[in-house]
There are 2 protein chains.
Amino acid sequence: MSEVQAASAPWGCDKGTIETSPDLLSGVSLPAAVVFEAPLSHNLEWMQRFATDHGARLAPHGKTTMTPALFQRQLDAGAWGITLATAPQCRAAFAHGVRHLLMANQVVGEANMAIVADLIEAGADFYCVVDSVANVRQLGHYFAARDLRLQVLIELGVEGGRCGCRDHDQVLALAELIDSAPALVLAGLEGYEGVVHGDNPETAIRRYAWHLVEVAQALDHDGLIESPTPLITASGSAWYDLVAGIFHEAHLGEHFVPVLRPGCYVVHDHGIYRQAQRGVLGRRPDLERGLLPALEVFAQVQSLPEPGLAIVALGKRDIGFDHLPEPLRRYREGGSAEHTLSVRGWKVARLMDQHAFLRLPEEATESRNSEVRVGDIVAFGASHPCLTFDKWRSIALVDDKLQVLAMMPTCF
Amino acid sequence: MSEVQAASAPWGCDKGTIETSPDLLSGVSLPAAVVFEAPLSHNLEWMQRFATDHGARLAPHGKTTMTPALFQRQLDAGAWGITLATAPQCRAAFAHGVRHLLMANQVVGEANMAIVADLIEAGADFYCVVDSVANVRQLGHYFAARDLRLQVLIELGVEGGRCGCRDHDQVLALAELIDSAPALVLAGLEGYEGVVHGDNPETAIRRYAWHLVEVAQALDHDGLIESPTPLITASGSAWYDLVAGIFHEAHLGEHFVPVLRPGCYVVHDHGIYRQAQRGVLGRRPDLERGLLPALEVFAQVQSLPEPGLAIVALGKRDIGFDHLPEPLRRYREGGSAEHTLSVRGWKVARLMDQHAFLRLPEEATESRNSEVRVGDIVAFGASHPCLTFDKWRSIALVDDKLQVLAMMPTCF
């Protein structure tokens, strides 16, 4: 790095931190993002067992949390590696002990290639995806000049989708080009079913997963895969059951290592992934209990300016807003975790950068004991988790008594 | 801070950083957020002159950038202090040398009060706003127990708005309560015209600004303001001309210090604030030239999977998305800043967490020299700036030749 690069983050950049005590209801600066230990443990174990039961390795998508302490928990639970979306994300994960890095994205630009080359030199088992002749040539030149070998997976996309080769001919042409590039190793096939659409998504995703299987088998048959332990990988956090089922059914384990890479499962959510999970459990009634939401954001009522309106010190800087946050519970500041107060009928009507407008069903007076007061603490659910985590430099891991067990730094 | 508090951000958390050279077109990991020096300098000088010409102090809202290097530039240009939205933001600003802190928000919660009390003990000239009896009592107790005096401004709101007292009687009752609290000093009046709405916003905002003036004068007349140099403050980045004009016209300078606190002006934008600026210049043709957009995000084409479609490595993690980002210019990787290529007709159709879908008017082939290639670098404009800054731990300050002059850490 150059001298104009700042060495490290300066003092004073933290919000949501422990100030006077680790009690979330009295000593922590709110708003704060918190992960509950019990559902976190459950989710870690649940998804690892799911992958193992389907003969697949788990490489959870780390972009969701970018929280090294959670990466470690995922590895401790049995994950093979961590999936990431960018070269700087891979660097952050490797710096915190992750050895197997699956970058489910193209490496573009010499500065990003330099980051990856440094990781490989430092001992990382690194994989990225390719989908174009141009990018394969760029990578071939760069890594040859660095005298390194880069493991690449061909990305298979769909018409109208995101990245990825659109047909078998493109895949074959790319495989042959990779084969001719001494610095590149074809190490398998990658896809992402989350961008597959159709009138019947389930049917379209099943078809896509089978297509991945067939293309992988064809590449293998043609002797174009160089790695002795090639990967076949797909699956986000909504359709992983279909992908894992088809990889399992196809007995891919004989020639390929199936790798699943859901990310949001680790903390689940209170919105789109809770809904997606209903789909999974509907398709797979054999799966017990399912995932549990573990991420919440705690914030305080700062003003009760009109009947039926509470302004909460929580904004777009603090929580994802693809869906508006959902009030879950309320506490008195300084109270205990057991004494929750109702938020029935409470609704976030609007979110600004630093403020939430909550509509309340009754008048916002302080005349009754359970009624809302300035200073009341509201727990919010979010959707989705990726865009909540990235608002925070550290996340509080808490127990059921709302005591902070650890502050977990993030690496966005 | 407790022992479970992480001491500092770990290594590996940076994206958009200098890797092999300070040249944005070859040595910087993209995507990267950049601020151009020339329009930045212009905006700093322009807004300071505007405030001075209207007899007002400038306390730019620091929540926009949370970038201490930009706070310093604002102070160097003549700003009196920095406005902030939360206690942790105030701590970050104070840690970087800002002495006059205007928290244009309620301080709620003992952990946040502890942060503020520590700042006052350390020598900060700190102001916050109050709008409720409950909060005034909480602050009065807390700061009395700490044996400190807290300067508060009464917030004046509007019916259907955000925080703030809704009528003169509430203001008076609050002023009397503050007067009776030994730990509190009534130091003026605060408002925010950005949440005032009406069929004719200009008329509604003028009326609100005059209302602020009248209430301030009434408090002064009743001898309820304790501070010898009380503040009257309002103004975001859209209607500052109306507020400043009315404060000036009212000759408030005789009894009050008018403080303006626009935030987004410092880098302006390519969306809502550009539009707002047209309104300002339409109302005030005497103001020359106006603000210039200074903030862009640079990202690279990673895939050209179908004719007319480019996938760019830029997502919701990298840029504000209240409005979809606007492609401004294109460069070849490794090229020079002078050689820009067209993005005419390019349009961001969709933004995911880490990817942008760009619709291109012509087929995305590489047959002609000017046509799009994998690796091409696209400069994007954003709206609005607050929600772009907070995606970055450091922002590159660049010159017209796209050379990085400094990496500016942020404190979100």
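Conventions and cut-offs
All residue numbers here refer to positions counted from 1 along the written sequence of the relevant chain. Whichever chain is written first is A, and whichever ligand is written first is 1; the rest continue in order. In keeping with the predicted nature of the model, local features appear solely for residues at pLDDT of at least 70, side-chain atom pairs appear and are counted solely at 80 or more, and the whole-chain, interface and lining totals rest on all residues. Neither water nor hydrogens contribute to the side-chain values; these are computed over all heavy atoms in the structure. Superposition of the copies used a least-squares fit over C-alpha atoms from residues whose pLDDT is at least 70 in both. Only heavy atoms enter the contact rule, under which two residues are in contact if any of them lie within 4.5 Å. By buried area we mean the combined loss of accessible area, with a 1.4 Å probe, across both parts when two parts are placed together. One speaks of a salt bridge when a side-chain nitrogen belonging to Lys or Arg is within 4 Å of a carboxyl oxygen belonging to Asp or Glu. Between N or O atoms, a polar contact is any pair within 3.5 Å; within protein, one atom must be a potential hydrogen donor and the other a potential acceptor, and residues adjacent in sequence are included only when both atoms are from side chains. Note on conventions: DSSP H or I runs of at least 4 residues are helices, E runs of at least 2 residues are strands, and numbering of each starts at the N terminus. Note that Gly is not counted as nonpolar here; it falls among the polar residues with everything else outside the nonpolar set of Ala, Val, Leu, Ile, Met, Phe, Trp, Tyr, Cys and Pro and the charged set of Asp, Glu, Lys and Arg. Should DSSP find at least two bridges between two strands, the strands are regarded as paired. Centres within 6.5 Å make a pair out of two Phe, Tyr or Trp rings, where for Trp the six-membered ring is used; the pair is then stacked when the planes are under 30 degrees apart, edge-to-face when over 60, and tilted otherwise. Per-residue accessibility, obtained with a 1.4 Å probe over protein chains only, is compared with the maximum for each type, and a residue is labelled buried under 20%, exposed over 50%, and partly exposed between these values. Whether a charge sits over a ring comes down to the Lys NZ or Arg CZ being within 6 Å of the ring centre and within 35 degrees of the ring normal. Multiplying one less than the number of residues by 1.5 Å gives the expected span of a helix. Among the buried residues, those of types Ala, Val, Leu, Ile, Met, Phe, Trp, Tyr and Cys that are joined through side-chain atoms within 4.5 Å form a nonpolar core. Here is how to tell: hold the view so the strands point away, follow the path from the first strand over the helix to the second, and if it runs clockwise the crossover is right-handed. Domain extents, as shown, originate in an automatic or database domain assignment. A fitted line through C-alpha atoms represents every axis, and for helices the fit uses only the stretch in contact; the resulting angles, taken between N-to-C directions, go from 0 to 180 degrees. Throughout this description, any angle smaller than 35 degrees is read as roughly parallel, any larger than 145 degrees as roughly antiparallel, any in the 65 to 115 degree range as roughly perpendicular, and the remainder as oblique.

Draft legend 1. How the structure looks around the relation of the copies chain B and chain A. Structural alignment of chain B on chain A gives an RMSD of 0.0 Å, achieved by rotating through 180° and translating 0.0 Å along the axis. What we have between these two chains is a two-fold relation. Looking at the interface residues of chain B, 100% of them are also at the interface in chain A, so both copies use one shared face.

Draft legend 2. Region of interest: the interface of chain B and chain A. The partner chain A presents 90 residues to the 90 residues of chain B that form the contact. The junction of chain B with chain A conceals about 7,300 Å² of combined surface from both sides, 52% of it contributed by carbon and sulfur atoms. Taken together, the connections running from chain B to chain A amount to 10 salt bridges. Residue D322 of chain B is joined to K316 of chain A by a salt bridge in which the shortest nitrogen-to-oxygen separation is 3.1 Å. Linking chain B to chain A there are 42 residue pairs in polar contact (both at pLDDT 80 or more). At the level of secondary structure, the elements contributing two or more residues to the side of chain B that touches chain A comprise α3 (87–95), α4 (110–121), α5 (133–145), β10 (295–306), β11 (309–312), α10 (386–389) and β17 (404–409) of chain B. Element by element, the count of residues in the side of chain B that touches chain A is highest for β10 of chain B, at six residues. For the side of chain B that touches chain A, the per-class residue count stands at 39 nonpolar, 31 polar and 20 charged.

Draft legend 3. Seen up close, the sheet that holds strand β3 (residues 82–84) of chain A. Residue and element names in this part refer to chain A. With respect to topology, eight strands assemble into an open sheet ordered β2-β9-β8-β7-β6-β5-β4-β3, the strand pairing being parallel. For this open sheet the edge positions go to β2 (57–58) and β3, each flanked by a neighbour on one side alone. Inspection of the sheet shows β3 paired to strand β4 (residues 100–103) by three bridges, in the parallel sense. Within the sheet, the bridge partner assigned to I82 lies in β4 and is L101.

Draft legend 4. Representation of the packing of aromatic side chains in the model. Overall, the coordinates contain 15 aromatic pairs over all chains when judged by the stated rule. With 5.1 Å between their ring centres and 85° between their planes, F50 of chain B and Y240 of chain B make a pair best called edge-to-face. Linking F50 of chain B in helix α1 (residues 37–53) with Y240 of chain B in helix α8 (residues 240–249), this pair joins segments that are 190 residues apart in sequence. We classify Y240 of chain B as buried; its relative accessible area is 1%. Lying across the ring of F357 of chain A, R350 of chain A places its NZ or CZ 5.3 Å from the centre.

Draft legend 5. A look at α4 of chain B. Taking 1.5 Å as the rise per residue, α4 of chain B with 12 residues should run 16 Å; its terminal C-alpha atoms sit 16 Å apart, in good agreement. With respect to burial, α4 of chain B is a largely interior element, nine of its 12 residues being buried. Buried residues belonging to α4 of chain B abut β10 (295–306) of chain A together with α3, β4 (100–103), β5 (125–130), α5 and β6 (150–155) of chain B. Remark: G123 of chain B follows α4 of chain B within two positions and exhibits a positive phi of approximately 110°.

Draft legend 6. Representation of unusual backbone geometry. Between S383 of chain A and the following residue, H384 of chain A, the backbone shows a cis peptide bond with an omega angle of -10°. Cis peptide bonds are those with omega within 30 degrees of zero, and the linkage from L30 of chain B to P31 of chain B qualifies with 5°. Of note, the phi angle at R289 of chain B is positive, near 65°, even though the residue is not glycine. Turning to its location among the elements, R289 of chain B is positioned in the loop between α9 (272–283) and β10. When its relative accessible area of 61% is taken as the criterion, R289 of chain B is described as exposed.

Draft legend 7. Spatial organisation of the nonpolar core. Among the nonpolar cores identified, the biggest contains 238 residues, and F143 of chain A together with F143 of chain B are the most heavily contacted of them. In contact with F143 of chain B, other than residues within four places in its own chain, are M113, V116, A117, I120, L148, L150 and A183 of chain B.

Draft legend 8. Broad picture of the pairing of strand β7 (residues 184–190) of chain B. All names here are of chain B. With seven of seven residues buried, β7 lies mostly within the body of the structure. The pairing of β6 with β7 spans five bridges and is parallel. Paired with I154 across the two strands is L189, which belongs to β7. Running through helix α6 (residues 168–179), the crossover from β6 to the neighbouring parallel element β7 is right-handed. Across three bridges, β7 lies against strand β8 (residues 231–234) in parallel orientation. Each residue of the ladder has a partner; that of L189, found in β8, is I232.

Draft legend 9. Here's a closer look at helix α1 (residues 37–53) of chain A. Residue and element names in this part refer to chain A. Taking 1.5 Å of rise per residue, the 17 residues of α1 would be expected to cover 24 Å, and the 24 Å separating its terminal C-alpha atoms lies within 8% of that figure. Every buried residue of α1 is accounted for by P39, L40, H42, N43, L44, W46, M47, Q48, F50 and A51. In the segment just after α1, G55 is the residue with positive phi, at about 65°.

Draft legend 10. View of the domain arrangement of chain A. Domain boundaries assigned for chain A yield domain 1 (3–36 + 291–409) and domain 2 (99–262). The gap between the C-alpha centroids of domain 1 of chain A and domain 2 of chain A is 40 Å.

Draft legend 11. Fine view of the packing of α5 of chain B against α6 of chain B. Residue and element names in this part refer to chain B. Axis separation between α5 and α6 bottoms out at 10 Å; the angle between their running directions is 10°. The angle between α5 and α6 falls in the class roughly parallel. Where α5 approaches α6, its residues V133, V136 and R137 are matched on the opposing element by L174, L177 and I178. Residues belonging to the contact of α5 with α6 are distributed by class as follows: five nonpolar, no polar and one charged.

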